[in-house]
Amino acid sequence: MSKHPVAAGRRRRWTIGLMLAGAGLGLQSQAAELGSQSSIYTCTDATGRRITSDRPIPECMGTVQRELNPSGGLRRVMPPALTASERARETERQRLEAERKARLEEEKRRNHALVMRYPDQATHDRARQEALDQIDGVTASVRQRLDRLEQQHREIAAELEFYRRDPSRAPAWLDKLEQENTRQRKLQAAYLAEQQRERERMVKAYDDELARLRELWQRTER
């Protein structure tokens, strides 16, 4: 049995109408979505001229720009773009700040290690004495070496006194021995002076370290 032609035509018109209505709703939804995503940019340039655009404004890269939504509400404030010199200054500032933080972290690490190594003054005092004993031992050895050289120098001088009236008769080995003795006495004297300066530096270093430790011990006691 065939369908009635009028009813079939009516159903086709309804179907087309529904399709067109759906397409219209889709277009409206897409337009609304696009409208919600669009922005308005506004600023005042360096000359005082107010500019509005649908994209970021090149003339206002050096000033503040405002991004608005289609209804005029503020979305965000865009700060001025940095110039080359400003970027260089900012980079340098960030570098210095990073170095400062690194120094603080390193100081914390050293302080922690220092307190772990010397939990009290008695431990630090023992370390100081051991270090000073070691350098004092070296100094004592140098002094003994220097005393022997001084004794040898006196013996050489007494031997040369025999040839004082005619130095040309003095044996060559005795002259060389005197020269070597003089060289060694200068070397040992310089080494002794260096050891004495090193001891002074060591004492000061332990004094400074103890002062720092006292501050750190007080912090841990709080």
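Let me begin by describing the structure that accompanies this report. Note that the coordinates shown come from a computational prediction; the quantities given were computed from them, not determined experimentally.

Analysis parameters
- Residues numbered from 1 in each chain as written.
- Predicted model: local features only at pLDDT ≥ 70, side-chain atom pairs only at ≥ 80, totals over all residues.
- Heavy atoms only, no water.
- Pairing = 2+ DSSP bridges.
- Helix = DSSP H or I, 4+ residues; strand = E, 2+ residues; numbered from the N terminus.
- Axes fitted to C-alpha atoms, helices over the stretch in contact; angles between N-to-C directions.
- Contact = heavy atoms within 4.5 Å.
- Parallel < 35°, antiparallel > 145°, perpendicular 65-115°, else oblique.
- Left-handed = near helix turned anticlockwise from the far one by under 90°.
- Patch = residues over 30% accessible without salt bridge, like charges linked within 9 Å, V, L, I, M, F, W, Y side chains within 5 Å.
- Areas by Shrake-Rupley, 256 points an atom, 1.4 Å probe, with all protein chains shown as cover.
- Salt bridge = Lys/Arg side-chain N within 4 Å of Asp/Glu carboxyl O.
- Buried < 20%, exposed > 50% of the residue type's maximum accessible area, 1.4 Å probe, protein only.

Hydrogen bonds between backbone groups are what pair the strands of a sheet, and the pairing can be parallel or antiparallel. The sheet built from four strands is open, its strands ordered β2-β1-β3-β4 with antiparallel pairing. Edge strands, defined here as strands with exactly one partner in the open sheet, are β2 (50-53) and β4 (74-78). Here the strands of the sheet are splayed against their neighbours by 20° on average, with no regard to which way each runs. When strand β1 (residues 40-44) meets strand β3 (residues 65-68), the two strands line up antiparallel, connected through four bridges. Pairing of I40 across the sheet is with L68, part of β3.

What follows deals with the environment of P80. Note that P80 resides in the loop between β4 and α2 (84-117). Once you skip the residues sitting within four places of it in the chain, P80 turns out to touch M61, G62, T63 and V64.

At a closest axis distance of 9 Å, the pairing of helix α3 (residues 121-161) and helix α4 (residues 172-221) adopts a crossing angle of 165°. For the element pair α3 / α4, the angle class is roughly antiparallel. Where α3 crosses over α4, the handedness of that crossing is left-handed.

For the rest of this paragraph, the subject is the pairing of β3. Sheet analysis places β3 next to β4, joined by four bridges and oriented antiparallel. By the bridge assignment for β4, E67 is matched with R76. The antiparallel hairpin formed by β3 and β4 contains five residues in its connecting segment, where G72 sits at a positive phi of about 95°.

Below, the discussion takes up the side chain of Q188. For Q188, the location among the structural elements is in helix α4. Setting aside chain neighbours within four positions, we find Q188 in contact with V142, R145, L146 and L149.

What follows is about a nonpolar patch on the surface. On the surface, a nonpolar cluster with roughly 240 Å² of combined accessible area is contributed by V64, L74 and V77. You can see L74 is positioned in strand β4. The exposed category is assigned to L74, whose relative accessible area is 52%.

In short, the description is geometric, and any link to function would need to be established separately.
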